[in-house]
Each structure stands twice: as structure tokens, then as C-alpha cells.
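Reading the structure
What follows is each chain in one-letter form.
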Amino acid sequence: MSCIISAPSTDSGKTTLSLLISCWAYSKGLKLQTFKVGPDYLDQQQLSAIGQPICRNLDVFLSGEEWVKTTLLKYANKYDLSLVEGAMGLFDGLGSTHYSSTANVAKILNLPIVFIVNARGQTASLLPLIKGFNDFDSEISIKGVIFNNVNSERHKQLIKEVFHNQNVEIIGFMPSNEKIALSKADLGIVSPKDSDKTIDIEYFADYAERNLDFQKFIKFLLPTNFDNNISNPIVNTIQIKSCSPIAIAEDKIFHFQYPETKEFLKEIGIPIVAWNLSDDEEIPDEVKILIIPGGFPEKYAQQISSSKKSLESLRQFVKKGFIYAECGGMMILGNSIKDRLGKVHEMAKMLPF
């Protein structure tokens, strides 16, 4: 059945591992449906850029438990393989709680966990680390472990000795390798929309083949036999006969958006048009609602400030329509943004900050 890739902490290699598996599956002609424990927009974009089905978010915090269940049920068995990438450490959720954590999602979906652990400078200490996570909550189950930063046969052999006769299956040892390292930014890995660097699918697939035991791993990737003829319970309660189009800002600046947003609007019959601020476009006249997702406007502050038509279009639009803006989308509605070099750039001056 599907598994959840998790770890003791962030920066343990969860996304790298998920990308390695995705590239390996792609190289074998296998379709892999990936999911990401949210809220998360960046890892989801990387996992969607491999040429596989787009990554789906399992976001308890924003969408609720029923949505998470429905999403897995709807997509998990459409393709050959599936996996879920966790977020942060296994139990890290909302604030100091476990709510919306990877462990929370694992329990909601009743999925086994494959742990990836940074083994640098450790051998015997790895066992109590993993046992501690596994024993902390009797409702979760760590079934497989992959060790990261294992750079010698001696290190590998010692870890095997430590885990001999333990009820945890070792399914890989990953040596350090700069070629599979992912670029980092303020909020995590760099989005493919913000980077010229692309994943070398062939190299990632070969690395995965050499360092992961897919004879053991494959059982954790086979999709659970769910019924995929599932309708969206929210869509079923809404009927739209006619509606003005909704515009969504979509470009290299604003891309913190789940694909379900557009899918949901289309399903209930609302037309969507794209609005590209980075090309200094005006908001189309027929639009009555504008959505501006998050992104990194501080990175493009000079370009936004120079987009005079777009900013004036925003000021005029709010007189007749509604704007839903979040994160970076809301930032451009303020007076100014200071870029990463400390220079101040004027924005739309619609909100007092």
C-alpha cells in the first residue's frame, strides 16, 4: 500500500527521496501519484515537475480531514504507484501540537511510515532514535528506514549490525551527493518557477537504483485498492447557473496555489481567466473577483513597482469588484516592499502597511 515518507526533522532528505523515487518510476515507465502533507506549495511544485501526475496536497489544516481522505481515495489508485511526502518532523503540526502533522495524516489514512534519517556521525544511537519515534504513539507504524549521509561500506555495515533482529526494515543507504542536493530559499526548497536548475531525471533515477532496495521498497509504493469513483462532497452541494469569470494571478511572482483551487471553481461552473502582473497586464473588464495567491514579491519588487498599468488596474478594480489576496499577494496591496538589497519599491497603496 502507499506509504508516508517522514523524518525526525526538516532537512532530513524527504523531498530529495520523494524526487528520487519519482524519477526512478519515470525511468521505468511507471506512473507515480505523489501527495504532500501541507500546507506546502514548493515541494508540491518540484514533485509535479518530473513528468508524473501532479502532486496533490493532503492538508488537514486548510482543508479538513474529510478532504484529505477524499483526495487520497480519489487519486491513490489511478496510477501504478503512489506515495505521500510528509512535512517537517513526524509529529510537528500546528504550533506545539500534533494536529495537521505527518503523524496526524498517517493515522487519518492508516498508512505505514518510511523514515529517512540523517546518519552522519551516528551508528548505535540511530536505534533509540527510531524506536523512540515509533513507540511514542502506538497508532503509527514506522515500517521501513532509509539512512542518509552514509558514505562508507564500514558505516553501512555497522548500521546493519545495530538493526539486526529489529522489527524495522532497512530499504536504503544514501551517500552524500551534491548532484542531488536541492537549492534552498527562505521558505524551503526553491520553486521550479524561480530557478533555472532542473532535475536531472536520468541521474536521479540511476542514483535511486543504486542506493535504494526497490525489491523491499515496492510494497510501500503500491497503491491501496480504493474505489476511485468518488465525487467531491463539497462540489455536490453547490450549483452555479451563471457567473462572471474569476481572475487568478498566475506567473513567476504568484504561484503559491493548490491545483484544487482552479479545479473546484471549474467543477462548479465558474469561468477562470489568468492575470499576469509580471507582463503589466490590466485586469479584464468582465472580471468581478480577483485571486492573488502567495509568492515572493520581494524578489520581483522592482518589476512589480514598474508595472504601472497593473497597479492602477488593481486600484480601479477594487471600486467595483472583490479581491482575495494572501501572503505575497496581499503584500503588493500595501504601500511599499523592501527588496532583498534593502531598496524600497512602491506598491498599489491600497492597504496601510
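Scope of this entry: the structure provided in the associated data block. (Residues numbered from 1 in each chain as written. Predicted model: local features only at pLDDT ≥ 70, side-chain atom pairs only at ≥ 80, totals over all residues. Heavy atoms only, no water.)

1. Quick notes on the sheet that holds strand E1 (residues 4-6)
- Spatial strand order, E3-E2-E4-E1-E5-E6-E7: 7 strands in an open sheet with parallel pairing. With one partner strand each, in any of the chains shown, strand E3 (56-58) and strand E7 (169-174) form the two edges of the open sheet. The average undirected angle you get between the axes of adjacent strands in this sheet is 25 degrees.
- Inspection of the sheet shows strand E2 (residues 32-37) paired to E3 by 3 bridges, in the parallel sense. Looking across to E3, one finds that Phe 35 is bridged to Arg 56. (Pairing = 2+ DSSP bridges. Helix = DSSP H or I, 4+ residues; strand = E, 2+ residues; numbered from the N terminus. Axes fitted to C-alpha atoms, helices over the stretch in contact; angles between N-to-C directions.)

2. Let's talk about the packing of helix H1 (residues 14-27) against helix H8 (residues 201-211)
- It is at 8 Å that the axes of H1 and H8 come closest, and there the two elements cross at 100 degrees. It follows from the interaxial angle that H1 and H8 lie roughly perpendicular. Two secondary-structure elements touch here, H1 through Leu 19, Leu 20, Cys 23, Trp 24, Tyr 26 and Ser 27 and H8 through Ile 201, Phe 204, Ala 205, Tyr 207, Ala 208 and Glu 209.
- Here the residues of the contact of H1 with H8 are counted per class, giving 10 nonpolar, 1 polar and 1 charged. (Parallel < 35°, antiparallel > 145°, perpendicular 65-115°, else oblique. Contact = heavy atoms within 4.5 Å. Nonpolar A, V, L, I, M, F, W, Y, C, P; charged D, E, K, R; others polar.)

3. A look at the pattern of salt bridges
- In total, this model carries 14 salt bridges according to the counting rule given.
- Between Glu 209 and Lys 28 there is a salt bridge, with the nearest N and O atoms lying 3.0 Å from each other. Remark: Lys 28 occurs in the loop between H1 and E2 and Glu 209 occurs in helix H8; sequence separation between them is 181 residues.
- Between Lys 219 and Glu 169 there is a salt bridge, and its shortest N-O distance comes to 2.8 Å. Pair noted here: Lys 219 is in the loop between helix H9 (214-217) and strand E10 (246-249) and Glu 169 is in strand E7, with a separation of 50 residues, a long-range link.
- Look at Lys 219 and you get partly exposed, because its relative accessible area is 38%. (Salt bridge = Lys/Arg side-chain N within 4 Å of Asp/Glu carboxyl O. Buried < 20%, exposed > 50% of the residue type's maximum accessible area, 1.4 Å probe, protein only.)

4. Here we look at the environment of Gly 121
- For Gly 121, the position within the fold is in the loop between strand E5 (113-118) and helix H6 (126-136).
- Assessed through its relative accessible area of 80%, Gly 121 is described here as exposed.
- Sequence separation of Gly 121 and His 155 is 34 residues, and the distance between their C-alpha atoms is 9.2 Å.

5. A look at the environment of Lys 288
- Mapped onto the elements of the fold, Lys 288 is located in the loop between strand E12 (272-275) and strand E13 (289-292).
- In this structure, Lys 288 is in contact with Ser 244, Pro 245, Phe 317, Gly 321 and Phe 322, ignoring residues within four places of it in sequence.

6. Observations concerning the side chain of Asn 149
- With respect to the helices, strands and loops of the structure, Asn 149 is situated in the loop between strand E6 (142-148) and helix H7 (153-162).
- Residue classification places Asn 149 among the buried positions, given a relative accessible area of 14%.
- Side chain to side chain, Asn 149 and Asn 118 meet in a polar contact 2.9 Å long.
- In terms of polar contacts, Asn 149 uses its side chain to reach the side chain of Ser 176, at 2.7 Å. (Polar contact = N/O pair within 3.5 Å; in protein donor to acceptor, adjacent residues only side chain to side chain.)

7. Structural notes on the side chain of Asn 57
- With respect to the helices and strands, the residue Asn 57 is situated in strand E3.
- Classification of Asn 57 as buried rests on a relative accessible area of 3%.
- A polar atom in the side chain of Asn 57 sits 3.5 Å from the backbone oxygen of Lys 36.
- Among the polar contacts listed, one links the side chain of Asn 57 to the backbone oxygen of Asp 40, at a separation of 2.9 Å.
- Residue contacts for Asn 57: discarding those within four places in its chain leaves Lys 36, Gly 38, Asp 40, Gln 44, Thr 71, Tyr 258 and Glu 260.

8. Let's talk about the layout of surface pockets
- When its volume is computed, the second largest pocket comes out at roughly 530 Å³.
- Leu 62, Ser 63, Tyr 258, Glu 260 and Thr 261 are the residues nearest the centre of the second largest pocket, which is lined by 19 residues in total.
- Within the residue set of the lining of the second largest pocket, elements represented by two or more residues are helix H3 (60-63), helix H10 (259-267) and E13.
- In terms of residue count, H10 provides more of the lining of the second largest pocket than any other element does, 4 residues in total.
- Residue composition of the lining of the second largest pocket, grouped by class: 13 nonpolar, 4 polar and 2 charged. (1 Å grid on protein atoms, 1.4 Å probe; cavity = no way out; pocket = protein on both sides within 12 Å on 5 of 7 lines; lining within 4 Å. Points joined across faces, edges and corners; volume = space filled by probe spheres on them.)

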